[in-house]
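# Structure at a glance
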Amino acid sequence: MLKPPHPIAAAAYQTAMKINPNNHALDGGPATAKMEIEVVADLARMFGYEKHLGHLTSSGTIANLEALWIARSLHPNKGIAFSASAHYTHKRMCEVIRTEAMEIPSDEFGRMDCDALEKALKTGKVGTVVATIGTTSIGALDPLEKIIPLCRKYNVRVHADAAYGGFFMLLARQRVPLINAAPYLHLSECDSIVVDPHKHGLQPYGCGCVLFADPSVGKFYKHNSPYTYFTSNDLHLGEISLECSRPGAAAAALWFTLKCIPLLPNAGLGAILTKTRRAALEFSRMIASSSMLCEFVRPELDIVTYFPRTKPLTASLISQRSEKIFSDAMHHSTNPLFLALLHVDSRQAKQLQPQVNTDRETMTILRSVLMKPEHLAFVPQLIRELEGLAG
């Protein structure tokens, strides 16, 4: 998941960094603090929040920590549930805030199993459910359209971890969406949302964002700092953030980027994401007719997963060949190709690809993240090179 920042973002960041504003207190960065307030409001509107409380963070990890900390503060004696496919940060952060982590099984497509979720909800031990909108491994979308009604039935909060897939909200608003729009159209009903502008938002690391639907949760951030907030009665960003010093340059970079590349479904950032999604769909279409490669699961966003067609088609041989392709591609003397590996449960592989002989518990496959718009034109060459390596 690597994507260079847009030149506009890089230029704005470098320019602001010359004075190194600190967006903790308004005194430390008056202009960049206003920029942060504006861009956070832009992101909240993108998700459909009519009112909100939020700010930028140094990462999606910290953004999720804040969301789970608020969840724990609201339900101190209840656990936080997330799918087996969710990012490992949720289990880790539950340890940090000393809250029970409850892992819900995923189906073969990497989405939260709603039947298993309801069983957990019936225990009365769950205070918040984390729905992942774009898993890190395969870009799967938890069925938020089913999760929301279930959680409301049992009076449970919902947090959306849309760190990776959040900006695809723009595609969900297109007249003919290129993605499954249902989970996105329910994001406005979530109690909190996390999104990472340093992924699909064209920003340099690190730039995350946390949003809350209910501004009253700001009471949990309240603290006494007599040496900090003294020039204005307006809200200082440090008063609603766990982090103290934060780079105002990150806010400037995102502000200038969104002025030039706005959050629109068919233009601006939406047009860029349309290319990345089409790249994944084209990859899926081409690999379907390949005699050398097999698709693992159809992509929901722009992450593609695949493996070589071995003879025999066993989990162990597929793993061996995938690792060899990965290594050979990266170390090619004249034309290196950088891929990624993904370890999956062989039972999941068997459900998706019944022809695979699961002779071991896990299977290693190949994974590519087509998150650059240039990938759309590169897909045919990518397939050719992969087939050459597989052969």
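Everything below is about the structure shown above.
Residues numbered from 1 in each chain as written. Predicted model: local features only at pLDDT ≥ 70, side-chain atom pairs only at ≥ 80, totals over all residues. Heavy atoms only, no water.

## A closer look at the layout of surface pockets
One number sums up the size of the largest pocket: a volume of about 530 Å³. Taken together, 20 residues form the lining of the largest pocket, with A84, S85, S137, H343 and Q348 sitting closest to its centre. Of all the secondary structure elements, the ones that give two or more residues to the lining of the largest pocket are β10 (340–345) and α11 (346–352). The leading source of residues in the lining of the largest pocket is β10, at 4 residues. Here the lining of the largest pocket is composed, by residue class, of 6 nonpolar, 11 polar and 3 charged. Considering only enclosed or pocket space, the second largest pocket measures out at about 370 Å³ in volume. Lining the second largest pocket are 15 residues, with F338, L339, V369, K372 and H375 sitting closest to its centre. (1 Å grid on protein atoms, 1.4 Å probe; cavity = no way out; pocket = protein on both sides within 12 Å on 5 of 7 lines; lining within 4 Å. Points joined across faces, edges and corners; volume = space filled by probe spheres on them. Helix = DSSP H or I, 4+ residues; strand = E, 2+ residues; numbered from the N terminus. Nonpolar A, V, L, I, M, F, W, Y, C, P; charged D, E, K, R; others polar.)

## Some remarks on the nonpolar core
Residues V129, Y184 and L187 are the most contacted members of the largest nonpolar core, which totals 71 residues. Take this core: its biggest share by element is 8 residues, from helix α8 (residues 248–260). Excluding its chain neighbours within four sequence positions, the residues that come into contact with L187 are F47, Y49, I133, L144, A160, M169 and I193. Core analysis: the next-biggest nonpolar cluster, separate from the first, contains 25 residues, I70, F82, C94 and Y221 among them. (Core = buried A, V, L, I, M, F, W, Y, C linked by side-chain atoms within 4.5 Å. Buried < 20%, exposed > 50% of the residue type's maximum accessible area, 1.4 Å probe, protein only. Contact = heavy atoms within 4.5 Å.)

## Considering empty space enclosed by the protein
Tallied over the full model, the rule gives 1 cavity of 30 Å³ or more. Each pocket or cavity is described by its volume, and for the largest cavity that value is around 50 Å³. Considering the residues around the largest cavity, the lining is formed by E36, L56, T57, S58, G206, R246, P247, A250 and A251. Secondary structure elements with two or more residues in the lining of the largest cavity: β1 (53–57) and α8. Within the lining of the largest cavity, the residues separate by chemical class into 4 nonpolar, 3 polar and 2 charged.

## Quick look at the packing of aromatic side chains
All told, the structure shown has 3 aromatic pairs when counted by the stated rule. Ring centres 5.0 Å apart and planes at 75° place the aromatic pair W69 and Y221 in the edge-to-face group. Taken together, the residues span a long stretch of sequence, with W69 in helix α3 (residues 60–74) and Y221 in the loop between β7 (208–212) and α8 at a distance of 152 residues. Classification of W69 by relative accessible area gives buried; the value is 16%. On the basis of relative accessibility, which here comes to 5%, the residue Y221 falls in the buried class. (Phe/Tyr/Trp six-rings, centres within 6.5 Å; stacked < 30°, edge-to-face > 60°.)

## Some thoughts on the pattern of salt bridges
Close approach of charged atoms lets side chains of opposite charge pair. Per the stated rule, a full pass over the model turns up 10 salt bridges. With a shortest N-O distance of 3.4 Å, R152 and D191 are connected by a salt bridge. Of the two residues, R152 sits in helix α6 (residues 144–153) while D191 sits in the loop between α7 (169–172) and β6 (192–195), which places them 39 residues apart along the sequence. Residue R152 is classed as partly exposed on the basis of its relative accessible area of 38%. The salt bridge partner of D345 is R347, with a shortest N-O separation of 2.9 Å. Accessibility expressed as a relative area gives 29% for D345, which makes it partly exposed. (Salt bridge = Lys/Arg side-chain N within 4 Å of Asp/Glu carboxyl O.)

## Focus on α8
Here α8 contains 13 residues, and its C-alpha end-to-end distance of 19 Å stays within 8% of the 18 Å for a straight helix at 1.5 Å per residue. Across the 13 residues that make up α8, a large majority, 10, are buried. Listed in full, the buried residues belonging to α8 are G248, A249, A250, A251, A252, A253, L254, W255, T257 and L258. Each element contacted by the buried residues of α8 is listed here: α1 (7–17), α2 (30–47) and β1. (Expected span 1.5 Å × (residues − 1).)

## A few points about the packing of α1 against α8
Across the interface, α1 lies against α8 with an axial gap of 8 Å and an inter-helix angle of 145°. Read as a crossing pair, α1 and α8 show a hand that is right-handed. Residues I8, A9, A12, Y13, A16 and M17 of α1 pack against A249, A250, A252, A253, F256, T257 and C260 of α8. When grouped by side-chain class, the residues that make up the contact of α1 with α8 number 12 nonpolar, 1 polar and no charged. (Axes fitted to C-alpha atoms, helices over the stretch in contact; angles between N-to-C directions. Left-handed = near helix turned anticlockwise from the far one by under 90°.)

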